[in-house]
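Here is how the chains run, residue by residue.
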Amino acid sequence: MASKRLVVDVHTHLYLPRYASLLRQRTTLPKIITRTRDDGRKEERLVILKDEPSGGRPIGPSYVERDEKLTFMKKHGIDISIVSTANPWLDFLQPKEAHQLSLQLNDDLEEYCSTGPTVSGTSMKQLYGFGLLPIVSSISTESLLEAVRQISASSHLKGLIMGTRGVGKGLDDEALDPIWAAISEAGLTVFLHPHYGISKESWGEKNNGHVLPLALGFPMETTIATTRLILSGVFDRFPSLRLLLAHSGGALPQLSSRLASCIDHDPIVASRLKHDARFYLGKLYLDALCYGPEELGFVSDVIARSNRYETGSKNVASGGRSSGSGRMLFGTDHPFFPPLSSSERWKSVVENLDAIENVQGWTEADKNGVKGGNAISLFNL
């Protein structure tokens, strides 16, 4: 089918005007500030966390305006984007405000997507979205369920983006079980994305800018959050849960056998799980962002072997690298990490597509699947 050759970006962000306006009004973090550059020009900068290098990151129209997103897509041959609000989402708000704003922003995102253009020759829109849940400490279950119902009823919202913190105790808090149940029943996909990283004391005294927090902190945050979900038995209680991990699952694929070995030596933890920990990696979806062909191939192998580790399975061979590709999806992280010149193509597009194209052992069908076909199937486009 021609649709299988479309390019779909599942990791692409925005700040809706209503959200950006809130950040501009704030006097405490997170906030958008305006400052004067050395050349005398004014610029806005987003400051999310304390002690951010360079006083935050510069933001412009590409963070907010739909036309900028569409221009980027056209320039880079991207047919469809599944857009999501970038961190820090609603984590900094009180429950009542977070609940109200989540519903408003989800309505805004539905309009952003539904009034956008259609992919030529198809009935598919160029823009779909991940909605927001007001997951903040002390939020009521009913408030969260209302947001799930709203997202499920929206024609162009195909899931929700979620940070790694739950309602006070993490995503493995059993208080979230009714939410996982509702999400699973609705067939929504959860895009799990990092925000807080890990303790800054880990990075030492030398100023290395954003490199260590982004290159290592973000993936490790995702690794730990996903592992906690596995250990809590969430995937046993809700086997149809669709979880898409940012940044190819962080370090979880590389550490999965070590994780399984440690569980084997802890009978209490082992008793919570129906299967070997490595089985659950085959239940996950991973974006293919910021990795070379060798890493993508390795991750694909880890996914493919998961069938060996189902309790009672008689499989002794892995499904093969090709089968592992079916759980991997293309992403760009736009509008973050822009090129230095407006005439340049974005490395997050060029290098990621090049990596996919050069994975040894993937067929053309596999590569087309990772570029877009897998997303079209997952989100039922």
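Structure: above.
Everything quoted here is computed from the prediction, not taken from an experiment.

The rules behind each value
- Note that residues are indexed from 1 along each chain, following the sequence as it is written.
- Only residues with pLDDT of at least 70 are given local features in this predicted model, and only at 80 or more are side-chain atom pairs given and counted; all residues enter the totals for whole chains, interfaces and linings.
- Note: side-chain values were computed over all heavy atoms of the structure, leaving out hydrogens and water.
- One bridge is not enough; two strands pair if DSSP finds at least two bridges between them.
- Numbering of helices and strands starts at the N terminus; helices are DSSP runs of H or I of at least 4 residues and strands are runs of E of at least 2.
- Helix axes are fitted to C-alpha atoms over the stretch in contact, other axes to C-alpha atoms as well, and angles between N-to-C directions run from 0 to 180 degrees.
- The contact definition used throughout considers only heavy atoms, calling two residues in contact when any of these lie within 4.5 Å.
- Any residue under 20% of the maximum accessible area for its type is buried, any over 50% is exposed, and the rest in between are partly exposed; the area is computed with a 1.4 Å probe on protein chains only.
- Consider the strands pointing away from the viewer: the crossover is right-handed when the path from the first strand over the helix to the second runs clockwise.
- Helix span, as expected, comes to 1.5 Å for every residue beyond the first.
- Here is the rule: rings of Phe, Tyr and Trp (six-membered ring for Trp) pair when centre to centre is within 6.5 Å. Planes less than 30 degrees apart are stacked, more than 60 are edge-to-face, and the remainder are tilted.

Chemist: Before we move on, can you summarise the sheet that holds strand S3 (residues 42-47) with the specific residues and values?
Modeler: Strand pairing in a sheet is mediated by backbone hydrogen bonds. Such pairs are either parallel or antiparallel. Read across the sheet, three strands follow the order S2-S3-S4 without closing on themselves; strand pairing throughout is antiparallel. A single partner strand is all that each edge strand has here, and the edge strands are strand S2 (31-36) and strand S4 (57-59). Adjacent strand axes in the sheet meet at a mean angle of 45 degrees, parallel and antiparallel pairs treated alike. Against the sheet, helix H1 (residues 17-25) makes contact with S2 and S3, and its axis sits at roughly 65 degrees relative to S2, the strand it touches most.

Chemist: Lay out the pairing of strand S6 (residues 127-132) in plain terms, naming residues and giving numbers.
Modeler: In terms of burial, S6 is a largely internal element, six of the six residues being buried. As paired elements, strand S5 (residues 80-85) and S6 share four bridges and run parallel to each other. By the bridge assignment, serine 84 is partnered in S6 with phenylalanine 130. Handedness of the crossover joining S5 and S6 through helix H3 (residues 95-114): right-handed. Pairing of S6 with strand S7 (residues 157-162) involves four bridges; the strand directions are parallel. Among the inter-strand pairings, glycine 129 is bridged to a residue of S7, identified as leucine 157. At this point the chain moves from S6, through helix H4 (residues 141-153), to the parallel S7, and the crossover so formed is right-handed.

Chemist: Could you give an account of helix H10 (residues 293-304), with specific residues and numbers?
Modeler: In a regular helix each residue adds 1.5 Å, so twelve residues correspond to 16 Å; H10 covers 16 Å between its end C-alpha atoms and thus fits that length. The set of residues buried in H10 consists of Leu296, Gly297, Val299, Ser300, Val302, Ile303 and Ala304. Looking at the buried residues of H10, the elements they touch are helix H8 (252-264), strand S10 (284-287), helix H11 (321-324), strand S11 (328-329) and helix H12 (347-357).

Chemist: I'd like a description of unusual backbone geometry, backed by residues and values.
Modeler: Put simply, leucine 29 and proline 30 share a cis peptide bond, and its omega is -5 degrees. Tracing the sequence through the fold places proline 30 in the loop between H1 and S2. Although it is not a glycine, serine 248 adopts a positive phi angle of roughly 55 degrees. The topology assignment puts serine 248 in the loop between strand S9 (242-245) and H8. A positive phi angle is found at aspartate 333, which is not glycine, with a value near 65 degrees. Here aspartate 333 falls in the buried class, since its relative accessible area comes to 9%.

Chemist: Pulling in residues and values, what's your account of the packing of aromatic side chains?
Modeler: Between two aromatic rings, the relevant description is the distance of the centres plus the angle of the planes. One pass over the full model with this rule turns up eight aromatic pairs. For the pair phenylalanine 72 and tryptophan 346, a centre-to-centre distance of 5.2 Å together with 75 degrees between the ring planes defines the contact as edge-to-face. Taken together, the residues phenylalanine 72 in helix H2 (residues 66-76) and tryptophan 346 in the loop between S11 and H12 connect sequence positions 274 residues apart. Here phenylalanine 72 and tryptophan 346 have matching classes, each one buried. Seen from their ring centres, phenylalanine 130 and phenylalanine 191 are 5.4 Å apart, and the 35 degrees between their planes marks the pair as tilted. Here phenylalanine 191 lies in strand S8 (residues 189-192) and phenylalanine 130 lies in strand S6, a separation of 61 residues in the sequence. Three or more aromatic residues link up through ring pairs in this structure, and these residues are Tyr15, Tyr19, Tyr63 and Phe336.

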